[in-house]
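Notes for the structure review
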Amino acid sequence: MRERIDRIAEPWGDRTPYRPGQPWPVRRDAYLTGDGVDRWVPAASLLHSNGDAMDVAVRDGRIVGVRGRADDRVNRGRLGPKDLFGWQANHARDRLTVPLVRRGGELEESDWDTAMGLVVDRTEHLLEEHGPGAIGFYTSGQLFLEEYYTLAVTARAGIGTNHLDGNTRLCTATAAEALKETFGCDGQPASYTDVDHCDTLALFGHNMAETQPVLWMRVLDRLAGPEPPRLLCVDPRPTPVAARSEVHLAPRTGTNVALLNALLHELVRTDRIDHAYVRAHTVGYQELAAGVAKCTPQWAARICDVPAREIQRAAELLGEARKLLSTVLQGVYQSHQATAAAVQVNNLQLLRGMLGRPGCGVLQMNGQPTAENTRECGADGDLPGFRNWENAAHVAELAKLWNVEEERIPHYGAPTPAMQIFRYAEQGSIKLLWISGTNPAVSLPELARIRELLRSKGLFTVVQDLYPTETALLADVVLPAATWGEKTGTFTNADRTVHLCEQAVQPPGQARPDLDILLDYARRMDFRDRDGAPLIGWHDAPGAFAAWQRCSAGRPCDYTGLSYELLRERGGIQWPCDAEHPDGTERLYSDGISWAAPDTCETYGRDLVTGAAVSETEYRALNPGGRAVLKAAEYLPPHEDVSAEYPLQLTTGRTLYHFHTRTKTGRTPQLDAAAPGMWVEIGAGEARSRGLGEGDLVEVATARGTVRARLRVTAIRDGLLFLPFHYGYWDTPGRTGPGPDGGRAANETTVTDWDPVSKQPLYKTAAARLTRIAPADGTPAPAPTTTASAPADPAAAPPTTGGPDALADQRPDPAPEATP
Ligand SMILES: Nc1nc2c(c(=O)[nH]1)N[C@H]1C(S)=C(S)[C@@H](COP(=O)(O)OP(=O)(O)OC[C@H]3O[C@@H](n4cnc5c(=O)[nH]c(N)nc54)[C@H](O)[C@@H]3O)O[C@H]1N2
Ligand SMILES: Nc1nc2c(c(=O)[nH]1)N[C@H]1C(S)=C(S)[C@@H](COP(=O)(O)OP(=O)(O)OC[C@H]3O[C@@H](n4cnc5c(=O)[nH]c(N)nc54)[C@H](O)[C@@H]3O)O[C@H]1N2
Ligand SMILES: [Mo]
């Protein structure tokens with residue numbers, strides 16, 4: 001193994017091959033600047049959902065580097081490029097350091113007392129005049145558990161509003177919903193250690209290599225070792241995952257359900273069904289088998305535009321698996337019939353009887369680092385602790401816990417999903433919108449509409465962020481927050497691993513931890529319980545954690561066995577962790593299905609095609625014994641299909657080097673340089689037939705808006721365009737002023753539409769037109785070459801490298817563990 005390598009040029013580093021069932025060998029990654037470290041502070045990464053454990057290096061009160069934690073179950077010492085370099089954004093010169101308040105149309109520097117006073121006055125006035133429905137909260141998947149729980153209690157029992165959701169609605173609402181539909185309750189069934197055991201790995205709409213690079217290193221190490229797993233990739237782009245897969249299906253976007261139904265059809269036809277498992281643990285097999293009876297590979301081949309023979313090969317791979325692990329992410333969750341498709345992946349695992357054992361399971365992945373906590377704490381359009389808002393006993397439990405009347409907790413209807421919150425803000429019924437840890441002026445669909453509603457005089461917006469983002473600059477009050485490294489709290493990754501992330505340095509200027517801001521608001525609002533005591537009785541992160549533990553007790557996400565001390569000592573631990581499972585729980589459902597019974601489940605479910613709610617009575621009749629539900633879904637064509645005017649499909653997504661709207665990665669030199677500007681991907685055949693080439697300046701137009709950028713010709717399927725969604729209005733983050741309206745962000749073009757079941761917006765399916773504005777001037781598109789955006793002709797662009805500033809350390813464990 002080389003000691004130092006350029007981790008921009010080689011994002012996954014060197015291999016440490018291992019065999020099935022062996023523990024993943026350690027590799028210690030580190031990136032340090034300057035000389036000397038005063039102390040190391042434990043943390044976990046905050047630029048994806050993998051939860052890579054690390055220590056933060058501090059010298060003279062500043063962060064100067066990071067190293068992976070070799071003893072942690074998640075990453076065994078490894079770090080990805082964003083983990084290694086992203087911390088530099090903490091020190092950006094344009095951090096928000098004082099509250100800002102809009103006066104006479106301009107944002108002016110202010111102080112905490114004035115800013116919070118304005119927010120509190122406005123809240124009180126609105127409560128008086130219009131009631132709690134006038135107030136909405138739109139939060140994040142990037143704060144800490146302690147913060148979400150405090151926000152959930154504030155919104156639900158303090159204000160009493162139903163309008164609280166996270167940007168997790170754009171991210172993992174479908175993951176949560178798919179788990180609820182199948183298992184009655186949220187909660188990730190599988191574990192990352194299943195990668196160590198599986199013999200077959202199927203990735204559905206998941207570019208793991210770029211979006212969970214450390215988990216991909218684990219897969220690469222298995223692929224490099226003896227008895228490697230066989231891979232199936234379903235993705236219309238030539239991702240690094242596709243390149244390593246035995247079978248790669250590149251369907252038309254929006255056709256996942258057709259494809260999955262054909263795979264299920266083949267499993268039924270060839271009787272690759274674990275009938276004993278299905279009988280013991282599921283309901284609905286007959287309906288599912290009948291539902292897919294006509295879905296032959298030939299039928300799906302016409303819809304998906306992939307050869308029937310390839311669908312058969314994929315089905316054989318799944319049918320022959322003895323230890324099958326599936327993963328699902330945005331190619332499913334943000335695509336047409338999102339929940340319906342995600343549920344079919346659950347069905348696949350259940351039909352094969354592959355759940356709850358080493359190497360067998362499904363990872364309905366998360367995206368954001370702390371999205372799991374938004375969900376558990378009920379800051380996302382669910383009640384805390386995966387409780388069911390339709391179950392009177394669950395609401396009563398919360399009322400008892402918070403010592404408030406049951407009526408104070410809104411449960412007259414489902415909590416309002418984010419897209420509806422923005423609709424209410426547009427229509428004027430929500431008059432105060434408090435946005436924390438998210439940048440909707442870049443990340444929501446149809447940006448022209450979002451800008452207009454955020455600017456409207458009738459809406460008072462509070463934005464709590466680190467930087468003067470596109471959204472912050474449209475706000476009425478801007479609250480400067482402290483972030484990762486500057487505050488203490490816990491968070492939970494996609495495989496239920498909880499990490500403690502401790503404060504390493506002081507926040508800049510007057511910036512304050514989000515928790516302190518929320519506690520300050522609660523204190524100023526003087527929220528009380530039914531006995532007149534403060535509703536929120538805690539004052540710091542440990543206090544909030546303890547309160548959450550009480551709320552989680554006896555629920556699937558039980559945290560009662562955890563403590564900051566234990567997390568400090570042991571690193572990541574998977575929930576549930578309680579008296580019965582003091583070391584945490586590696587896999588859910590190893591002993592049958594545990595939370596689907598009518599009295600314990602989180603939801604009674606929905607019809608997968610229409611989204612119509614299933615009633616409690618219907619659910620009791622359908623699933624009295626609390627088994628997994630095999631739910632069938634009929635394929636329907638995407639809402640927006642290609643036409644003469646818009647002849648191309650358009651999809652959007654990510655690249656390895658950037659995180660979302662780039663507020664951090666755009667302020668990190670190595671990451672910014674690797675992908676410095678917007679581009680458009682097109683397939684080689686499509687480009688040829690249109691006489692287009694690398695570097696041409698093009699315009700992509702949909703019915704909503706346009707984007708201009710340079711063209712990258714790749715091996716993406718012909719007829720499909722791809723836009724990265726990272727680039728907001730400005731070339732240089734931190735440039736202030738309102739910015740031009742439109743022109744660059746992918747979401748200028750995306751549609752206001754969502755999955756009927758999970759209410760997650762559809763970012764992956766639109767129809768577009770492409771026009772050339774100017775021929776190439778000799779410069780290629782600013783897209784990386786190490787990723788799915790690699791040019792079809794390798795000579796078309798110079799390879800992406802990071803140079804001396806991107807050299808990071810990697811070394812094998814000095815004392816490798818003995819092979820068992
Ligand atoms: N580098 C990096 N890593 C990240 C993030 C980041 O911004 N940058 N963000 C984090 C977050 S919040 C999330 S949610 C995750 C997202 O992680 P991913 O879901 O892996 O990322 P995406 O690029 O959004 O989408 C994945 C793939 O879906 C494919 N796709 C598009 N349409 C369809 C379709 O209809 N069917 C199928 N089968 N595939 C389709 C695209 O070609 C794309 O390669 O990444 C997390 N990790
Ligand atoms: N077209 C298209 N659009 C998409 C997607 C797509 O694939 N295609 N993906 C969607 C998905 S999956 C996601 S998750 C969203 C992400 O969309 P956003 O959430 O809007 O993206 P971020 O850039 O991560 O915004 C997070 C904000 O929180 C701030 N922040 C970071 N840490 C802290 C903190 O500790 N405290 C506070 N107060 N603020 C903090 C950052 O500076 C940043 O402004 O985008 C969605 N939009
Ligand atoms: Mo996400």
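Predicted, not measured: the structure shown is a model, and the values here were computed from it. For every chain, the first residue of the written sequence is number 1, and numbering continues from 1 along that sequence. A letter from A marks each chain and a number from 1 marks each ligand, given out in the order of writing. A pLDDT threshold of at least 70 governs which residues receive local features in this predicted model, and a stricter bar of 80 or more applies before side-chain atom pairs are shown or counted, although totals over entire chains, interfaces and linings include all residues. The side-chain numbers reported here are obtained from all heavy atoms of the structure, hydrogens and water having been left aside.

Across its full length, the chain holds 26 helices and 29 strands. Based on C-alpha atoms, the radius of gyration is set beside the globule rule, defined as 2.2 Å times the residue count to the power 0.38. Its C-alpha radius of gyration of 25 Å places the chain within 12% of the 28 Å reference for a compact globule of 820 residues. Judged by the C-alpha coordinates and their principal axes, the chain covers about 65 × 65 × 65 Å. Each of the 820 residues in the chain was classed as buried or not, and the buried ones make up 66%. By the criteria applied, helices consist of DSSP H or I runs no shorter than four residues and strands consist of E runs no shorter than two, each listed in order from the N terminus. The rule is simple: take the accessible area with a 1.4 Å probe, protein chains only, and divide by the maximum for that residue type; under 20% is buried, over 50% is exposed, in between is partly exposed.

Moving on, we come to the nonpolar core. Each nonpolar core is a collection of buried residues, namely Ala, Val, Leu, Ile, Met, Phe, Trp, Tyr and Cys, held together in the definition by side-chain atoms within 4.5 Å. Membership of the largest hydrophobic core comes to 121 residues, with the highest contact counts inside it found for Phe204, Trp216, Leu232 and Trp484. Core analysis: the second largest hydrophobic core is formed by 71 residues, Ala115, Leu126, Ala134 and Val395 among them.

For the rest of this paragraph, the subject is helix H12 (residues 297-304). Among the residues of H12, those classed as buried are Pro297, Ala300, Ala301, Ile303 and Cys304. The buried side chains of H12 occupy one side of the element, clustering within an arc of 170 degrees when seen end-on. Residue contacts are counted whenever heavy atoms from the two residues lie within 4.5 Å of one another. Buried residues in H12 make contact with helix H9 (256-269) and helix H13 (308-320). Asp305, located one to two residues past H12, shows a positive phi value of around 60 degrees. Directions are taken from the helix axis to each C-beta atom, and the arc is the one they span.

Neighbouring ligand 1 are 32 residues, the closest being Asp235, Gln330, Ser335, Arg654 and His658. Under the rule applied, a polar contact is a pair of N or O atoms within 3.5 Å (in protein, one hydrogen donor and one hydrogen acceptor; residues adjacent in sequence only if both atoms are side-chain atoms). The contact in question runs from an oxygen atom of ligand 1 to an N or O atom on the side chain of Asp235, over 2.6 Å. Between ligand 1 and the protein, one listed contact pairs an oxygen atom with a side-chain N or O atom of Ser335 at 2.8 Å. Across the complex, the protein chains shield 100% of the 900 Å² of accessible surface that ligand 1 would expose by itself. Among the elements of the structure, helix H6 (208-211), helix H14 (330-333) and strand E23 (648-653) are those that each provide at least two residues to the shell around ligand 1. All amino acids are sorted into three groups, where Ala, Val, Leu, Ile, Met, Phe, Trp, Tyr, Cys and Pro are nonpolar, Asp, Glu, Lys and Arg are charged, and the leftover types, Gly among them, are polar. For the shell around ligand 1, a count of residues per class yields six nonpolar, 20 polar and six charged. Those domain boundaries reflect an automatic or database domain assignment. The residues that make up the shell around ligand 1 include at least three from each of domain 3 (173-365 + 595-629) and domain 4 (648-806). For each residue, the test is whether any non-hydrogen atom lies within 4 Å of the molecule or strand; if one does, the residue is near. Only the protein chains shown count as cover for residues, and all accessible areas are computed by the Shrake-Rupley method using a 1.4 Å probe.

Here the domain parsing of the chain yields domain 1 (4-94), domain 2 (100-171 + 370-574), domain 3 (173-365 + 595-629) and domain 4 (648-806). Contacts between the two partners involve 25 residues from domain 1, matched on the other side by 24 residues from domain 3. Put simply, buried area is the surface a 1.4 Å probe can reach on two separate parts but cannot reach once they are joined, added for both. Of the roughly 2000 Å² buried where domain 1 meets domain 3, counting both sides, 58% is carbon and sulfur surface. When a carboxyl oxygen of Asp or Glu is within 4 Å of a side-chain nitrogen of Lys or Arg, the pair counts as a salt bridge. Counting across the domain 1 and domain 3 interface gives two salt bridges. Between Asp221 and Arg78 there is a salt bridge; the shortest N-O distance is 3.6 Å. Run the count over domain 1 and domain 3 and you get 12 residue pairs in polar contact (both at pLDDT 80 or more).

What follows is about the side chain of Gln810. Within the fold, Gln810 resides in strand E29 (residues 807-812). Here Arg2 takes part through its backbone oxygen, which lies 3.1 Å from a polar atom of the side chain of Gln810. Within polar-contact distance, the side chain of Gln810 engages the side chain of Asp14 at 2.6 Å.

Ligand 2 sits among 35 residues. The nearest are Gln142, Asn167, Ser443, Asp465 and Thr661. Gln464 is positioned with one of its backbone polar atoms (N or O) 3.0 Å from a nitrogen atom of ligand 2. In the model, an oxygen atom of ligand 2 is placed 3.1 Å from a nitrogen or oxygen of the Lys487 side chain. Here ligand 2 loses 99% of its free accessible area of 920 Å² to cover by the protein chains. Secondary-structure elements contributing two or more residues to the shell around ligand 2 are strand E17 (460-465) and E23. By residue class, the composition of the shell around ligand 2 is 10 nonpolar, 19 polar and six charged.

A separate point is the sheet that holds strand E16 (residues 432-436). Strand order in the open sheet formed by seven strands is E7-E6-E18-E17-E16-E8-E9, with mixed pairing between adjacent strands. Every other strand in the sheet has two partners, leaving strand E7 (106-109) and strand E9 (164-166) as the edge strands with one partner each. Looking at each pair of strands side by side, their axes are set apart by 20 degrees on average, direction ignored. Examined bridge by bridge, strand E6 (residues 100-103) and strand E18 (residues 477-480) share two bridges and lie antiparallel to one another. Within E18, the position partnered with Val101 by the bridge is Val477. Axis geometry follows a simple rule: fit a line to the C-alpha atoms, using only the stretch in contact for helices, then measure angles between N-to-C directions, giving values from 0 to 180 degrees. The strands that helix H2 (residues 112-130) touches are E6, strand E8 (135-139), E16, E17 and E18; relative to E18, the one it contacts most, it runs at about 130 degrees. Two strands qualify as a pair provided that DSSP identifies no fewer than 2 bridges between them.

Turning next to the sheet that holds strand E1 (residues 4-6). Spatial ordering of the open sheet is given by E1-E29-E2-E5-E4-E3, a layout of six strands whose pairing is antiparallel. Looking at strand neighbours, the two that pair on one side only are E1 and strand E3 (39-44), the edges of this open sheet. The average angle at which neighbouring strand axes cross in this sheet is 30 degrees, direction not considered. As judged from the three bridges shared by E1 and E29, these two strands associate in the antiparallel manner. Bridge pairing in E29 places Arg4 opposite Asp809.

The next thing to look at is the confidence of the model for the chain. If pLDDT is low for a region, its predicted coordinates should not be looked at in detail. The quantity known as pLDDT measures the predictor's confidence residue by residue, on a range of 0 to 100. Summary statistics for the chain give a mean pLDDT of 96 and a share of 98% for residues scoring 70 or more. The model gives residues 736-741 a pLDDT under 50, and that stretch makes 12 contacts with residues more than four places away or in other chains.

We now examine the pattern of salt bridges. For the structure on display, the rule yields 56 salt bridges. The partner of Arg73 in a salt bridge is Asp495, and the shortest N-O contact between them spans 2.9 Å. Placement of Arg73 in the loop between strand E5 (62-68) and helix H1 (81-85) and of Asp495 in the loop between strand E19 (489-492) and strand E20 (497-501) is noted, with a sequence separation of 422 residues between them. What makes Arg73 buried here is its relative accessible area of 17%. For Asp495, a relative accessible area of 0% translates into the label buried. Among the charged side chains, a network of salt bridges with common partners joins Asp113, Arg512, Asp520, Arg523 and Arg524.

Right, let's talk about helix H20 (residues 447-455) for a bit. Along H20, the residues that are buried comprise Leu447, Arg449, Ile450, Arg451, Leu453 and Leu454. Elements that come into contact with the buried residues of H20 comprise helix H18 (418-427), E16, helix H19 (440-443) and E17.

Further remarks concern a negative patch on the surface. Residues form patches when they are more than 30% accessible in relative terms and have no salt bridge. Like charges link within 9 Å. Nonpolar side chains (Val, Leu, Ile, Met, Phe, Trp, Tyr) link within 5 Å. The charge count includes Lys and Arg as positive and Asp and Glu as negative, but it does not include His or the ends of the chains. Working definition for charges: the position is that of NZ of Lys, CZ of Arg, CG of Asp or CD of Glu. Together, Asp121, Glu124, Glu128 and Glu129 make up a region of like negative charge exposed at the surface. Tracing the backbone through its elements, the reader meets Asp121 in helix H2.

Time to look at the environment of Asp35. Within the fold, Asp35 resides in the loop between strand E2 (27-32) and E3. For the pair Asp35 and Arg59, spaced 24 residues apart in sequence, the C-alpha separation works out to 8.8 Å.

With that out of the way, let us pick up the state of the cysteines. The disulfide definition used here is simple: a pair of cysteine sulfur atoms within 2.5 Å. According to the stated counting rule, one finds zero disulfides in the structure shown. Free of any disulfide, Cys360 has its nearest cysteine sulfur in Cys198, 8.9 Å distant. Classification of Cys360 by relative accessible area gives buried; the value is 1%.

What follows is about the packing of H9 against H13. The angle between the axes and the distance between the axes are what describe a pair of packed helices. At a minimum axis separation of 9 Å, H9 and H13 run at an interaxial angle of 55 degrees. In terms of axis orientation, H9 runs oblique to H13. In this structure, H9 crosses over H13, and the sense of that crossing is right-handed. Residue-level inspection shows Leu259, Ala262, Leu263, Glu266 and Leu267 of H9 in contact with H13, the latter providing Ile311, Gln312, Ala314, Ala315, Leu318 and Gly319. To sort the angles, those under 35 degrees are grouped as roughly parallel, those over 145 as roughly antiparallel, those from 65 to 115 as roughly perpendicular, and the leftovers as oblique. Note on convention: the crossing is left-handed when the near helix lies turned anticlockwise from the far helix by less than a right angle, right-handed when the turn is clockwise.

Here is the rule: rings of Phe, Tyr and Trp (six-membered ring for Trp) pair when centre to centre is within 6.5 Å. Planes less than 30 degrees apart are stacked, more than 60 are edge-to-face, and the remainder are tilted. Overall, the coordinates contain 17 aromatic pairs when judged by the stated rule. Taking 4.8 Å as the distance between ring centres and 75 degrees as the angle between the ring planes, the aromatic pair formed by Tyr31 and Phe85 counts as edge-to-face. Of the two residues, Tyr31 is situated in strand E2 and Phe85 in helix H1; the sequence distance between them amounts to 54 residues. Here Tyr31 and Phe85 have matching classes, each one buried. For the ring pair Tyr521 and Phe527, a centre distance of 6.1 Å and an interplane angle of 70 degrees mean the geometry is edge-to-face. There is no split in this pair, since Tyr521 and Phe527 are both buried.

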